[in-house]
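Residue-level listing of the chains:
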Amino acid sequence: MLEVMRRVVWLTAALLGLSVVLVVGNTIRLDILNRRAEIEVMKLVGATDRFARRPFLYSGVWYGLGGGLAAVALVAGAVAALAQPLEHLASLYEVSFAWRA
């Protein structure tokens, strides 16, 4: 039973990771489409491809950092919320319980 749950968790984590990559990629693609006129003007005045890509790379970095910090905060909150009930459950079965990273 434990092995089944472990595989379910890994499968869920993989699917959530894939969905995050797809959502961020789609968001950046839509941002590029919305700024198409701005990019064309930059190209007309001599901007390089690297210069035109830079704002999108920066926004991708900020999206990634923000999402990572939000995930860390959510996990820390979940651990804090579940610590006492799990310790109580472990004490009912007379099992020592310790969090592992």
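Our subject is the structure that appears above.
Residues numbered from 1 in each chain as written. Predicted model: local features only at pLDDT ≥ 70, side-chain atom pairs only at ≥ 80, totals over all residues. Heavy atoms only, no water.

### Some words on the side chain of Ser59
Examined against the element boundaries, Ser59 turns out to sit in helix H3 (residues 49-92). At a separation of 2.9 Å, a polar atom in the side chain of Ser59 contacts the main-chain carbonyl oxygen of Phe56. (Helix = DSSP H or I, 4+ residues; strand = E, 2+ residues; numbered from the N terminus. Polar contact = N/O pair within 3.5 Å; in protein donor to acceptor, adjacent residues only side chain to side chain.)

### Observations concerning the packing of helix H1 (residues 2-34) against H3
Where H1 meets H3, the axes come as close as 11 Å, and the angle between the chain directions of the two elements is 150 degrees. For the element pair H1 and H3, the recorded crossing hand is right-handed. Here Thr27, Ile28, Asp31 and Ile32 of H1 come into contact with H3, specifically with Phe56, Ser59, Gly60 and Tyr63. Of the residues in the contact of H1 with H3, the class split is four nonpolar, three polar and one charged. (Axes fitted to C-alpha atoms, helices over the stretch in contact; angles between N-to-C directions. Left-handed = near helix turned anticlockwise from the far one by under 90°. Contact = heavy atoms within 4.5 Å. Nonpolar A, V, L, I, M, F, W, Y, C, P; charged D, E, K, R; others polar.)

### Things to note about H3
Between its terminal C-alpha atoms H3 stretches 63 Å, which fits the 64 Å expected from 44 residues at 1.5 Å a residue. A bend of about 40 degrees at Ala83 is the largest found in H3, and the proline Pro85 appears one to four places after it. Among the residues of H3, those classed as buried are Ala52, Phe56, Ser59, Ala83 and Ala90. Tucked into the core, H3 has its buried residues touching H1 and helix H2 (36-44). Positive phi shows up at Glu94, right after H3, with a value of about 55 degrees. (Expected span 1.5 Å × (residues − 1). Bend = angle between axes of the 7 residues up to and from the residue. Buried < 20%, exposed > 50% of the residue type's maximum accessible area, 1.4 Å probe, protein only.)

### Some points on the environment of Gly68
Structurally, Gly68 is set in helix H3. Taking the C-alpha atoms as reference points, Gly68 and Glu87, separated by 19 residues in sequence, lie 28 Å from one another.

### Details of the nonpolar core
The tendency in soluble globular proteins is for nonpolar side chains to be buried side by side. Within the largest apolar cluster, five residues are counted, these being Ile39, Met42, Ala47, Ala52 and Phe56. At the level of elements, H2 and H3 are the ones that each hand at least two residues to this core. Not counting chain neighbours up to four residues away, the residues in contact with Ala52 comprise Ile39 and Met42. (Core = buried A, V, L, I, M, F, W, Y, C linked by side-chain atoms within 4.5 Å.)

### Describing the environment of Ala78
Within the fold, Ala78 resides in helix H3. Given a relative accessible area of 37%, Ala78 falls into the partly exposed group. Separated by 65 residues in sequence, Ala78 and Ala13 have C-alpha atoms that sit 16 Å apart.

### Remarks on the packing of H2 against H3
Where H2 contacts H3, the two axes come as close as 9 Å, and the packing angle between them is 150 degrees. It follows that H2 is roughly antiparallel to H3 by the angle criterion. Handedness of the H2/H3 crossing: right-handed. Together, Ile39, Met42 and Lys43 of H2 and Asp49, Phe51, Ala52 and Phe56 of H3 make up the contact between the two elements. Its residues assigned to classes, the contact of H2 with H3 shows five nonpolar, no polar and two charged. (Parallel < 35°, antiparallel > 145°, perpendicular 65-115°, else oblique.)

Take it as geometry only, folks, not as evidence of what the structure does.
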